[in-house]
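Remarks on the overall topology
These are the residues of each chain, in order.
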Amino acid sequence: MRKCFCSRWWSIVLHGERHCGSMSCEISAVDDLRTDPPARKCSTSSTNSTNSTNSTSSTNSTTSAGSMATSDGEVDAAAVSIPSSAVMVYVTDDAVAAMSVVGCRGDRTRGTVANVDASSSDIHTDRDECSSDDSCNGPDSPTGLKRVGSVYDFGLDGADSPPPCANHPFATGPDADLTKVARKQLRMIREVDVSVCHLNHTNTIISKILSSKYLRRWENHQIRLQDDCITSSTPSGFLSKTIGYEAIKDLYPVKRWDSNFKYCLRVVVTNGSYLLQTTNQYLRDQILYSILWKKNVQETQTLLKSQSDPDDMLKELQNIVDFAKNIPLVDDEIFHMPTFIASTLMTRDQEKYYKRVWEKALIGTLRPLIEDCPPSAEMCSFLSHHCKDQSSLPIIKDSLVYTITRILKHNFDFARTLTARTLVQDYIKALYIQDQRGESIRYFLSRVHSASAVCPHNRVLPNMVSTCITAIYSASEELPANCSEAEFDCYYTNHLRCYIVVLQNISEYSDWLYGLAQLLRPLPFPALLLIRSIFMEDISSVILKIGLHEDCEIHKQVLAVRETKDGWFDLCSPIEAVFCGSSIVWTQLLKTLMACERCKKKKLLKNLKAKHLGTCVSEALKNNKIVMDVLCLMLEWMVVEDLHQRNQIVDTLKSTEFGRNVYDEFMSRQNQLLELQRKGGPQNLSLPARGTDLDLNSMFDCGPFGNLESVDLAFTNVTDTCANTLIKLPSLKVLNLWGTQFGDSGLLIISDHLTNLQVLNLCETKVTDRGIVSLISLINLKKLNLNSTKATVRSVDVLKKKLPGLHEVDVRYSFAW
């Protein structure tokens, strides 16, 4: 082993060089550190051969005097390894300066410099126990492991050496390369098979001989990294006793120990050291950082048990948090352990440590870990406690925004994280109690949604809605069975209304409205709330935002999921006792549904006739114009077939002046329809090119078309509006709409009325799956042309299953094929 110990050794090591600055040194063999310092000299080589010979001679004499070489020519590693994790030696011709580094953790490292007299020939370090073949450095190691002060320099090791951690207990110097940590993520090891060898301290010649590689013995063990020590699954031999983390003085990887043993990890303890040999470099690094983590956690817990000053405890927590942020391990324990330690500390003496200022500092300390992963169950319980304490809420309110936001963004199953859901619920309730106007909740949701027009996180909305609904169910279970209206109103205001306020604010965001409508469509609230007026009045603002939206996909969510169930539209009926005769909400919803061109109006009218015919008659008697138009449409489309019900509707319309006008207009249209459907006229009709909806309507006003069975509108300018005219021809069997502006809205109308249609040509139209699927109502359809449309496999498969008589479907050049 060769090393230069001249007066410029410090700069050599810092720059990773093998010579002293501009000097070209003939590096002498290094003697043991116990040798008299004046014997350690560096001979400068020159072009003079004589000087070179003298340098070589001086080197040989120094080696024979101060170092012990083994029989195979290797130099004692104790002579070249840097003393202990605790010592860095700076050697000059006059004296030895030793810097002692006390402690294992980087944050508690302290350095002291002492001038050692030249006569002190017995400087012992933990690294002195290396045997003669401990080639931690030099030519015996393929890449060499070199130490810079208290920092391991892996610059010469390439990719085969572990990167130093930012808070590595032996990486506290200014030259620590922290950027290497991010490039290497390791899984924590808890149980692993390794080969173990134990070395005694090499203070004597006999101990050196016994620790040489010729007498070294290896044992195979399955070691387990417990919380407080390293154990073996088969305690025997070297590991008959456990290795406590507090006994570990130094820990570092050894690139190559013997020619047959590499990927070794050296664990220095009080009475010697252990070599842990693995099969690969990755596994060695896993064990290294896993032991470092366990050791630091145990030290932190031990210190916190003996500490009584909250400020000192906060410093210790800050140290372990910094260490967890920078250690290159990937494991839930890395993030959860500091919060668990904090939670344990809090529950130990709540009265002493629950101080408002100190609590804010604690949350700020743990915040970096909470940002990287959801808080632990203990931490959620701790934060929930402070959300319930209104005196401490102003301090932690802003600190918890990011924590709650992360829970909502990244949680996938609240059933497994009940404490996280409880934390969100308590936080929302605390915000509402502090500000019942809802401004705090509105600000909180703006932070959760982000400033963009569309929320970038898909889990926020369902998590928020499910949290509110669960909280409402939980609070409703605490209500007495037969509580009075006043008692219910008081309880609702104090415990339930905050979550309805959240839903009201969610409905303000356009990108969340469709998802909210879908989540609320099944009426996911307790039945006892749906019959309370105070609840329905609050939730009606959300229902109006949904039901009055211009998008059909959104406002139709107020209808029931199935015909046998009720929807929000049914609950808002003015006959229901909840609204006490108020028809404002119900009428507005009905107006939007009937004005939508994409909704299936005939199906809606049938639903009204089945569930709300009495409501419609009652509202028509109150001179409700919207309901009167709906009743006339029921008569026109023959939705009401019962003669008694038809007479009831007619009498209702004639009972008011406006109703009589509506009924007269209906009868005028009915006479025109009867004239149109009177037998006679052509069987086939073709509209000229460039014909419009108005042209088609004018043509039907010319005379009877009761025999009309085929209409050809190919390559004309007709749109969905022509569907209202075509439905007046119930005998129509063939309809050609090739190359027109016909779309889904027209198909929805046609599918409700033209039940005798057998051939339909939609080639080169704007129809999509939504309109195509509605054709399942045309039970007599046999041929369908979807050439050059946006039809997909899904819609075609639905038609094939629902229409067994459909024998021919043309899907060439369609969007999905």
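Worth saying up front: this structure is predicted, and the values here are computed from it rather than measured.

The next subject is the overall build of the chain. Summing up its helical and strand segments, the chain has 33 helices and 22 strands in all. Out of the 817 residues in the chain, the part that is buried amounts to 52%. Accessible surface, the chain: about 37200 Å² in total, of which carbon and sulfur atoms supply 51%.

So, on to the packing of aromatic side chains. Tallying each qualifying case throughout the model produces 11 aromatic pairs. Pairing Tyr 427 with Phe 444 gives two aromatic rings, centres 5.3 Å apart and planes at 65°, and the pair type is edge-to-face. With Tyr 427 in helix H13 (residues 418-434) and Phe 444 in helix H14 (residues 439-449), this residue pair connects regions lying 17 residues apart in the sequence. Under the relative-accessibility criterion, Tyr 427 is labelled buried at 1%.

Moving on, we get to the sheet that holds strand E22 (residues 808-810). Read across the open sheet, the six strands follow the order E17-E18-E19-E20-E21-E22; overall the sheet is parallel. Of all the strands in the sheet, just strand E17 (684-686) and E22 have a single pairing partner and so form its edges. Adjacent strand axes in the sheet meet at a mean angle of 5° when their direction is disregarded. Judged from the three bridges that link them, strand E21 (residues 783-785) and E22 form a sheet pairing that is parallel.

Our next topic: the pairing of strand E10 (residues 219-225). Because side chains alternate across E10, one face comprises the buried residues Glu 219, His 221, Ile 223 and Leu 225, and the other comprises Asn 220, Gln 222 and Arg 224, none of which is buried. Here E10 runs beside strand E11 (residues 229-232); their pairing, made up of three bridges, is antiparallel. Considered in E11, the bridge of Leu 225 is made with Ile 230. Joining the antiparallel neighbours E10 and E11 is a turn of three residues.

Our focus in this paragraph is helix H28 (residues 657-677). Compared with the 30 Å implied by 1.5 Å per residue over 21 residues, the 30 Å span of H28 between its first and last C-alpha is a close match. Capping the start of H28, Thr 656 holds a side-chain oxygen 3.1 Å from the backbone nitrogen of Gly 659, two or three residues further along.

What follows deals with the layout of surface pockets. Roughly 1200 Å³ of internal volume is contained in the largest pocket. Taken together, 44 residues form the lining of the largest pocket, with Leu 633, Glu 636, Trp 637, Asn 724 and Ile 727 sitting closest to its centre. Every element with two or more residues in the lining of the largest pocket is listed here: helix H24 (601-611), helix H26 (625-636), H28, helix H29 (693-700), helix H30 (723-726) and helix H31 (744-753). No other element matches the 10 residues that H28 contributes to the lining of the largest pocket. Per-class residue counts for the lining of the largest pocket are 19 nonpolar, 10 polar and 15 charged. When its volume is computed, the second largest pocket comes out at roughly 890 Å³.

Glancing now at the packing of helix H16 (residues 485-495) against helix H17 (residues 497-506). Interhelical geometry of H16 versus H17 gives an angle of 60° and a closest axis separation of 5 Å. Relative to H17, the element H16 is oriented oblique. Packed against H16, whose contacting residues are Tyr 492, Thr 493 and His 495, the element H17 presents Arg 497, Cys 498, Tyr 499 and Ile 500 at the interface. For the contact of H16 with H17, the class distribution of residues is four nonpolar, two polar and one charged.

Here we come to the side chain of Thr 716. Tracing the sequence through the fold places Thr 716 in the loop between strand E18 (710-712) and H30. What makes Thr 716 buried here is its relative accessible area of 3%. Of the polar contacts made by the side chain of Thr 716, one reaches the backbone oxygen of Leu 713; its length is 2.7 Å.

What follows concerns the pattern of salt bridges. If you walk through the whole model with that rule in mind, you get 23 salt bridges. Across the salt bridge formed by Arg 217 and Glu 219, the nearest N and O atoms sit 2.5 Å from each other. By sharing partners, the salt bridges in this structure join Arg 190, Asp 227, Lys 294, Asp 331 and Glu 333 into a single network.

Let us look at H13. For H13, which comprises 17 residues, the first-to-last C-alpha distance of 24 Å matches the rise-based estimate of 24 Å (1.5 Å per residue) to within 8%. Of all the residues in H13, the buried ones are Ala 420, Arg 421, Leu 423, Val 424, Gln 425, Asp 426, Tyr 427, Ile 428, Ala 430, Leu 431 and Tyr 432.

The biggest cluster of nonpolar side chains holds 185 residues, and the ones touching the most others in it are Ile 291, Trp 293, Ile 506, Phe 525, Trp 568 and Leu 760. Other than its neighbours up to four places away in sequence, Ile 506 contacts Leu 445, Leu 461, Met 464, Val 465, Trp 512 and Leu 516.

Looking at the secondary structure, you find Ile 230 in strand E11. As for Ile 230 and Gly 244, which are separated by 14 residues in sequence, their C-alpha atoms are 6.3 Å apart. Apart from residues lying up to four places away in sequence, Ile 230 is in contact with Ile 223, Arg 224, Leu 225, Thr 242, Ile 243, Tyr 245, Ile 248 and Ile 291.

Before going further, it helps to spend a moment on the pairing of E11. Residues Cys 229 and Thr 231 line one face of E11 and the alternating positions Ile 230 and Ser 232 line the opposite face, and both faces are buried. Strand direction decides the pairing type here: E11 and strand E12 (residues 243-244), joined by two bridges, are antiparallel. Each bridged residue has a counterpart across the sheet, and for Cys 229 the counterpart in E12 is Gly 244.

The next subject is unusual backbone geometry. The phi dihedral of Arg 690 falls on the positive side, at around 70°, and the residue is not glycine. Looking at the secondary structure, you find Arg 690 in the loop between E17 and H29. Residues other than glycine seldom take positive phi values, yet Ser 788 does so here, at roughly 60°. Within the secondary structure, Ser 788 sits in the loop between E21 and helix H33 (793-802).

So, about the environment of Phe 444. Its relative accessible area of 3% is what places Phe 444 among the buried residues. When the C-alpha atoms of Phe 444 and Val 401 are compared, they prove to be 7.1 Å apart, with 43 residues separating the residues in sequence. When neighbours within four sequence positions are excluded, Phe 444 is seen to be in contact with Ile 404, Leu 408, Tyr 427, Leu 431 and Met 464.

Moving on, we get to the environment of Leu 292. With respect to the element layout, Leu 292 can be found in helix H5 (residues 281-306). Assessed through its relative accessible area of 1%, Leu 292 is described here as buried. In this structure the C-alpha to C-alpha distance between Leu 292 and Ile 327, which are 35 residues apart in sequence, comes to 9.0 Å.

Helix-helix packing is described using two parameters, namely the angle between the two axes and the distance between the axes. Running from amino to carboxyl end, H13 crosses helix H15 (residues 460-476) at an angle of 80°, the nearest separation of the two axes being 10 Å. Considering their axes alone, H13 and H15 lie roughly perpendicular with respect to each other. Side by side, H13 and H15 meet where Arg 421, Val 424, Gln 425 and Ile 428 of the first sit next to Met 464, Thr 467, Cys 468, Thr 470 and Ala 471 of the second. Tallied by class, the residues present in the contact of H13 with H15 amount to five nonpolar, three polar and one charged.

Examined against the element boundaries, Asp 769 turns out to sit in helix H32 (residues 769-773). Side chain to side chain, Asp 769 and Ser 795 meet in a polar contact 2.7 Å long. In this structure Asp 769 touches Lys 790, Ala 791, Thr 792, Arg 794 and Ser 795, once residues within four positions along its chain are discounted.

Right, let's get into the confidence of the model for the chain. Per-residue confidence for the chain gives a mean pLDDT of 74, with 71% of residues at or over 70. Across residues 1-183 the pLDDT falls below 50, and counting only partners more than four positions away or on other chains, this stretch makes 354 contacts in the model.

Scoring rules and cut-offs
Residues numbered from 1 in each chain as written. Predicted model: local features only at pLDDT ≥ 70, side-chain atom pairs only at ≥ 80, totals over all residues. Heavy atoms only, no water. Helix = DSSP H or I, 4+ residues; strand = E, 2+ residues; numbered from the N terminus. Buried < 20%, exposed > 50% of the residue type's maximum accessible area, 1.4 Å probe, protein only. Areas by Shrake-Rupley, 256 points an atom, 1.4 Å probe, with all protein chains shown as cover. Phe/Tyr/Trp six-rings, centres within 6.5 Å; stacked < 30°, edge-to-face > 60°. Pairing = 2+ DSSP bridges. Axes fitted to C-alpha atoms, helices over the stretch in contact; angles between N-to-C directions. Expected span 1.5 Å × (residues − 1). Polar contact = N/O pair within 3.5 Å; in protein donor to acceptor, adjacent residues only side chain to side chain. 1 Å grid on protein atoms, 1.4 Å probe; cavity = no way out; pocket = protein on both sides within 12 Å on 5 of 7 lines; lining within 4 Å. Points joined across faces, edges and corners; volume = space filled by probe spheres on them. Nonpolar A, V, L, I, M, F, W, Y, C, P; charged D, E, K, R; others polar. Parallel < 35°, antiparallel > 145°, perpendicular 65-115°, else oblique. Contact = heavy atoms within 4.5 Å. Salt bridge = Lys/Arg side-chain N within 4 Å of Asp/Glu carboxyl O. Core = buried A, V, L, I, M, F, W, Y, C linked by side-chain atoms within 4.5 Å. pLDDT = per-residue confidence, 0-100.

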